[in-house]
Amino acid sequence: MKTELECMPCFFRQIRLALGYAGVNGDAGRSIMRAGAEIVEQASFDQPPARITTVLHRMVRERTGSDPYRRVKDRYNAIALEKLPSLRRTAAKAADPLEAGVRLAIAGNVIDFGIYEAFDLDRSIEDSFRLQLSESDFSDFSKAVQRSRRILYLCDNAGEIVFDRVLAETLREDGKIITAAVKGAAVINDATLEDAAAAGLAESAEVIDNGNDGIGTLLESCSPRFMDAYRSADMVISKGQANYETLAGTGDNRIFFMFKVKCPVVARELGRENGDIVLMRSVQR
């Protein structure tokens, strides 16, 4: 996936949001915004937007000397944990617990402070069960689950990983070995080992980090431990739009992307609408 002109406003909006969470404004904020403009000016548009935003957010953290999203991550880990018993009940009483787990996991993908300033989590759950989920794509996913023993689960955001626990538990009950991968360092509100511990993720899967602060999954920057888990997996569940941006071009058909569509560029590429829920296998090159 390549960067488009429509991505430009989003880049600067993400800087503005990060500065707001860091409590930085005035001359310091303007200086950081100008540094961001230089990064964007020099960036190649032949790469996914997530690679450019990785550099932008790294610069913001370095210049502010802080993790701007630490408090909001703590807050949404706590909010999601309060919902965990209800989420588990929803999956348990469903006619197909695997489909319910998928829909709940996608519902949690709305907890994205790189894109949203506010959202309704309960509405996202309702929408995830109301919106169409391709029968053929889910059937393909379900068959891949049955054929697989080792599943690597690429996590996305703090708070969202509590929703992921329900799907991971459903898979484990089916005898699967689940490894959940979080980020190796802070970036936006993406989950790290600290968040995984707060969310109790280790109760539902083996937890590792990928060794870097890249938005999405930048395979060339990942740790040897992560790459061992990636190569040995029979199936990869890839959560979030940024993971789609960075992994769709790999042609690895073990990967199933699972996310909410959150921008017009991705919507156009997939022939979908903003807000749609997506479960799809990566296309083999």
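All chains use their own residue numbering, which begins from 1 and follows the written sequence. Where local features are concerned, this predicted model is filtered to residues with pLDDT of at least 70; where side-chain atom pairs are given and counted, the filter is 80 or more; whole-chain, interface and lining totals use all residues. Side-chain metrics rest on all non-hydrogen atoms present in the structure, leaving aside hydrogens and water.

A. View of the packing of helix α5 (residues 97-108) against helix α7 (residues 135-147). All axes here are fitted lines through C-alpha atoms, helices being fitted over the stretch that makes contact, and every angle between N-to-C directions spans 0 to 180 degrees. Comment: elements are numbered from the N terminus, with helices defined as DSSP H or I runs of at least four residues and strands as E runs of at least two. Two numbers describe how α5 lies on α7: the axes approach to 11 Å, and their chain directions differ by 110°. One element, α5, and the other, α7, form an angle in the roughly perpendicular class. With respect to the hand of their crossing, α5 and α7 are arranged in right-handed fashion. Each of Leu-98, Glu-99 and Val-102 in α5 lies in contact with α7, whose residues at this interface are Phe-138, Phe-141 and Ser-142. In this scheme, roughly parallel covers angles under 35 degrees and roughly antiparallel covers those over 145, while 65 to 115 is roughly perpendicular and the rest are oblique. Put simply, a crossing is left-handed when the front helix is turned counterclockwise from the back one by less than a right angle, and right-handed when it is turned clockwise. Any two residues whose heavy atoms approach within 4.5 Å at even a single point are treated as in contact.

B. Structural view of the packing of aromatic side chains. For Phe, Tyr and Trp, rings pair up if their centres lie within 6.5 Å, where Trp contributes its six-membered ring, and each pair is then called stacked (planes under 30 degrees apart), edge-to-face (over 60) or tilted (otherwise). What the rule picks out here adds up to 11 aromatic pairs. Between the aromatic rings of Tyr-21 and Phe-113, the centroid separation amounts to 6.0 Å while the plane-to-plane angle is 90°, which identifies the pairing as edge-to-face. Here Phe-113 lies in the loop between α5 and α6 (121-130) and Tyr-21 lies in helix α1 (residues 7-22), a separation of 92 residues in the sequence. Looking at Tyr-21, the relative accessible area reads 34%, which means it is partly exposed. Exposure classes here rest on a 1.4 Å probe applied to the protein chains alone. A residue is buried below 20% of its type maximum, exposed above 50%, and partly exposed in between. Classification of Phe-113 by relative accessible area gives buried; the value is 4%. Lysine NZ or arginine CZ positioned within 6 Å of the ring centre and within 35 degrees of the ring normal marks a charge as sitting over the ring. When the ring centre of Tyr-230 is taken as origin, the NZ or CZ atom of Arg-254, which lies over that ring, is 4.8 Å away.

C. Structural view of the state of the cysteines. The disulfide criterion is simple: two cysteine sulfur atoms within 2.5 Å. If you walk through the whole model with that rule in mind, you get zero disulfides. Sulfur of Cys-155: no disulfide; nearest cysteine sulfur belongs to Cys-222 and is 13 Å away.

D. Inspection of the sheet that holds strand β4 (residues 235-239) at higher detail. The six strands are arranged β3-β2-β1-β4-β5-β6 in an open sheet whose pairing can be described as mixed. In this open sheet, the two strands that pair with only one neighbour each are β3 (206-209) and β6 (277-281). Neighbouring strand axes in the sheet, compared pairwise and without regard to direction, differ in orientation by 20° on average. We call two strands paired when DSSP finds no fewer than two bridges between them. Pairing geometry for strand β5 (residues 255-260) and β6, over five bridges, is antiparallel. When the bridges of β6 are listed, Phe-257 appears paired with Met-280.

E. Layout of helix α3 (residues 49-64). The end-to-end C-alpha distance of α3 is 22 Å, a good match for the 22 Å that 16 residues give at a rise of 1.5 Å each. Of the surrounding secondary structure, the elements contacted by the buried residues of α3 are α1, α2 (26-42) and α11 (241-247). Downstream of α3 by a residue or two, Gly-65 has a phi angle that is positive, lying close to 65°. Expected span of a helix, by definition, is 1.5 Å for each gap between consecutive residues, and there is one gap fewer than residues.

F. Region of interest: unusual backbone geometry. Phi at Ile-188 is positive, roughly 45°, even though this residue is not glycine. With respect to the helices and strands, Ile-188 occurs in the loop between β2 (177-182) and α9 (193-198).

G. Broad picture of the side chain of Glu-169. Within the fold, Glu-169 resides in helix α8 (residues 160-173). Classification of Glu-169 as buried rests on a relative accessible area of 16%. Reaching out from Glu-169, the side chain makes a polar contact with the side chain of Ser-204 at a distance of 2.8 Å. Setting aside its immediate chain neighbours within four residues, Glu-169 contacts Arg-88 and Ser-204. We call two N or O atoms a polar contact when they sit within 3.5 Å, provided that within protein one can donate a hydrogen and the other can accept it, with sequence-adjacent residues counted only if both atoms are side-chain atoms.

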